[in-house]
Amino acid sequence: MAADVTSLRDWRFSIDDQGIAWAVFDREGESQNALGRRPLEELLVIVEHVEAAASDKAVRGLVFLSGKPGGFIVGADVREFEQFSSEAEVIAAIRPVLAMLDRIEALPVPVVAAIHGFCLGGGLELALACHWRIATRDDATRLGFPEVRLGIFPGFGGTWRSIRQAGPVAAMQAMLSGSMLRATAARAAGLVDELVPSQHNLAWAARKAIARGRRSKPAPLLKSMLRQFPIRPILVSRMRAETAKKARSDHYPAPYRLIDLFERTGGNLTTMKVEETPAFAPLMVSETSRNLRRVFRLSEALKAQAPKDLGFTVRRVHVIGAGVMGADIAGWCAAQGYEVSLQDLSGEAIDKGIAAQEKLFSRRFRTRALKAAAKARLIADPRGEMTSRADVVIEAVVERLDVKQALFRDLEAKLAPHAILATNTSSIMIEEIAPALADPGRLIGIHFFNPVAQMPLVEVIRGAGSREAEVRKGCAFVTAIDKFPLIVKSAPGFLVNRVLAPYMMRAMERVEAGEAPEKLDEAARAFGMPMGPIELADTVGLDICLNVGRILGYDAEGSRLAKLVASRKFGKKSGEGFYTWKDGKPVKAVRPYGSSELATLGKALVEPLIAEAERALADGIVETADLADAGIIFGTGFAPFRGGPLHYRAAQGGAAPRKASE
Ligand code: NAI
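Residues numbered from 1 in each chain as written. Predicted model: local features only at pLDDT ≥ 70, side-chain atom pairs only at ≥ 80, totals over all residues. Heavy atoms only, no water.

Describing the sheet that holds strand β5 (residues 71-73)
- Taken in spatial order, the four strands of this open sheet run β5-β8-β10-β11, and their pairing is mixed. Of all the strands in the sheet, just β5 and β11 (180-182) have a single pairing partner and so form its edges. Taking the axes of each pair of neighbouring strands and ignoring which way they run, one obtains an average angle of 20 degrees across the sheet.
- In the sheet, β5 pairs with strand β8 (residues 118-120) via two bridges, with the strands oriented parallel. Following the sheet pairing, Ile73 is matched in β8 by Cys119.
- Helix α3 (residues 122-129) rests against β5, β8 and β10 (142-144) of the sheet, and its axis sits at about 85 degrees to β8. (Pairing = 2+ DSSP bridges. Helix = DSSP H or I, 4+ residues; strand = E, 2+ residues; numbered from the N terminus. Axes fitted to C-alpha atoms, helices over the stretch in contact; angles between N-to-C directions. Contact = heavy atoms within 4.5 Å.)

A look at helix α21 (residues 533-540)
- Counting buried residues along α21, six of its eight residues qualify, which places the element largely inside the surrounding structure.
- Looking at α21, one finds that the buried residues are Pro533, Ile534, Glu535, Leu536, Ala537 and Asp538.
- On its buried side, α21 packs onto α19 (496-512), α20 (517-527), α22 (542-551), β21 (581-582) and β22 (585-586).
- Remark: Gly541 follows α21 within two positions and exhibits a positive phi of approximately 115 degrees. (Buried < 20%, exposed > 50% of the residue type's maximum accessible area, 1.4 Å probe, protein only.)

A look at the packing of aromatic side chains
- A complete count under the given rule lists eight aromatic pairs for this structure.
- Taking 6.3 Å as the distance between ring centres and 45 degrees as the angle between the ring planes, the aromatic pair formed by Phe361 and Phe365 counts as tilted.
- Between the aromatic rings of Phe527 and Phe638, the centroid separation amounts to 5.6 Å while the plane-to-plane angle is 70 degrees, which identifies the pairing as edge-to-face. Of the two residues, Phe527 sits in helix α20 while Phe638 sits in the loop between α25 (625-636) and α26 (645-651), which places them 111 residues apart along the sequence.
- In this structure Phe527 comes out as buried when scored by relative accessible area, which is 3%.
- Three or more aromatic residues joined by ring pairs make a cluster, and in this case those are Trp11, Phe25 and Phe64.
- The ring of Trp332 has Lys483 sitting right over it, with the charged end atom 3.8 Å from the ring centre.
- Directly above the aromatic system of Phe527 lies the positively charged group of Arg642, at a separation of 4.1 Å from the ring centroid. (Phe/Tyr/Trp six-rings, centres within 6.5 Å; stacked < 30°, edge-to-face > 60°. Lys NZ or Arg CZ within 6 Å of the ring centre and 35° of its normal.)

A word on the site of the ligand
- Close to the ligand lie 21 residues; Met325, Asp344, Glu399, Lys404 and Ser426 are nearest.
- In the environment of the ligand, an oxygen atom lies 3.0 Å from a nitrogen or oxygen atom belonging to the backbone of Val324.
- When the ligand sits alone it has 840 Å² of accessible area, and the protein chains cover 79% of it.
- Contributing elements (two or more residues each) for the shell around the ligand: α12 (324-335) and α16 (401-412).
- Looking at which element gives the most residues to the shell around the ligand, the answer is α16, with three residues. (Near = heavy atom within 4 Å. Polar contact = N/O pair within 3.5 Å; in protein donor to acceptor, adjacent residues only side chain to side chain. Areas by Shrake-Rupley, 256 points an atom, 1.4 Å probe, with all protein chains shown as cover.)

With respect to the domain arrangement of the protein chain
- Partitioning the protein chain into structural domains gives domain 1 (11-285), domain 2 (316-490) and domain 3 (497-651).
- For domain 1 versus domain 2, the separation of C-alpha centres amounts to 41 Å. (Domains from an automatic or database assignment.)

Notes on the sheet that holds strand β13 (residues 316-320)
- The strand order across the open sheet formed by eight strands is β15-β14-β13-β16-β17-β18-β19-β20, and the pairing between neighbours is mixed. Across the chains shown, the open sheet's two edge strands, defined by having one partner strand only, are β15 (378-380) and β20 (484-489). Sheet twist, expressed as the mean angle between neighbouring strand axes with direction ignored, is 25 degrees.
- Relative to strand β18 (residues 443-447), strand β17 (residues 420-423) runs parallel, the two being bridged by three bridges. For Leu421, the partnering residue across the bridge sits in β18 and is Leu443.
- Against the sheet, helix α11 (residues 287-303) contacts β19 (457-462) and β20, and its axis sits at roughly 70 degrees relative to β20.
- In the packing of α12 onto the sheet, contacts are made with β13, β14 (339-343), β15 and β16 (392-395), and the angle to β14 comes to roughly 165 degrees.

Have a look at this one:
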């Protein structure tokens, strides 16, 4: 008896009059398709149904499509990963999925994946089990294996199937980097068989592929020879070297385990198929993967602070101040598709600021037309004539209360009633600026970090009198420009600078006490920080560090830091600081340090940061420990695989973090 396909909730299934079965994935109650338990169970119902219908000659082919406008399948459902507490449970959950994908591949009729938008992780693995993959050339279409970012690698047969189709170089590169490919690149790699201009062409192209009995060919012989001896060992050592540049094996084991798997079994994909699950399962239950999944959830929690419906659409952004920050904020917003006007007292500063965005646009846009469009969206507005048309106004002028107050006083009357009004100040309290306004509740802080393009976090500052609706609107804007918002209370240093300051100050004191900067930096990196505290201080600028330190009440009088600043040694930007800088890099004396010595020192170095994070939470700077961890990971790069400073403390057996209200 055929399985029941009429009562599916996450899929729509139909067979048309030409005998083509259409399986449309449209997960109930979700904006995106993720392959969770129920969609997979229902997929099995579909597969069984098609098997029976194909043997009755009632079906000539099967097409997988998405019912979501924005994407095909974003991957397996990460939320469900948490239910596994042992390798055996992981293996038990994966086996039936693997068997089902094999059944899809073994169907006697052509099976086509018709892809538009994101096709990631488990979604790509499902597509790879199909006989023919069609993707839209649309810019929104992206294919990839982001698993390494979650501390795992593809576990639904993606390792050997991608290598079979794309050859070891392209497939391993995709899996090891976790980066997403555009449709054209995926086609060139062999992960996709056919491209169509847009979503409207998918069904027709799928129908044609079925009529012609299309079947994707495995990678050509030349590519598959790369899997064999003697080339495989050469590839493997190159992959290890490339991976080592990006991630340490003790912190991020997943890519290294994938390379091991390829090294052991790459010559025979049948063996690789058998070995994938036992190599995958320990990663899934590892502490690293748990923490990286936690970071993923935290990023979702940050985005969830934004209201779904703003009541208006942000189209135009007006930035005042074309200095270091203002120009880059304006450039970032223009790159994100917004119309941006940039105002400054100095026409020269505006021109320089706009010209400086050239680099970002070139990096971001591949075609000349897209780059030209971004440039056209960013305009000079020396007199602030666009202010009244803006949906968001961000002030980033010099850090002086009188200047900011005068500016806001003048601005207020010109603003559209719905517009978001924000300051990028890093040290003046919102409560000090706001009294200049007739409606002080309107003002919020939107605090970007330098360099704007690289820093994923933006603090949204709630002043004592800021209206909640304005704060939420600020979060919506930050999310819309593809940054993570973190709501913080207006207080010196907000969250990120407040926790960084003691970490960096204590490290600088250690240098003064005679410890080598190289050793301190290496120890922090061994802990998992992206950059050591001394190199970070030199990179940020020692003058800025000194200033932030003063604002936060650190007595730097007579310190090495103060002396360096007094002799105009500002670090990277002046070529001399704690280090001497050559070609944008610090000159470091290489000395071998023992790993246990570094581990102990690394933990000691981050101690002041963790302690300050606890105090900031207790002071109510952020609402929850999770939000503090999220802010510190995305604002400072704090070792993501450790799950955040407060989580790390708790995991080490420290006291549970307390909120102000507790
Ligand atoms: P900057 O000194 O590089 O640029 C300030 C710009 O504002 C100058 O081009 C100046 O001509 C212009 N300006 C001054 N008064 C003006 C007015 N009344 N109307 C229009 N333009 C005026 O300053 P920077 O570093 O970009 O900082 C700007 C703001 O961003 C400050 O509030 C600062 O605290 C904050 N901030 C700075 C960060 C940094 O790393 N530099 C990081 C985060 C926030």
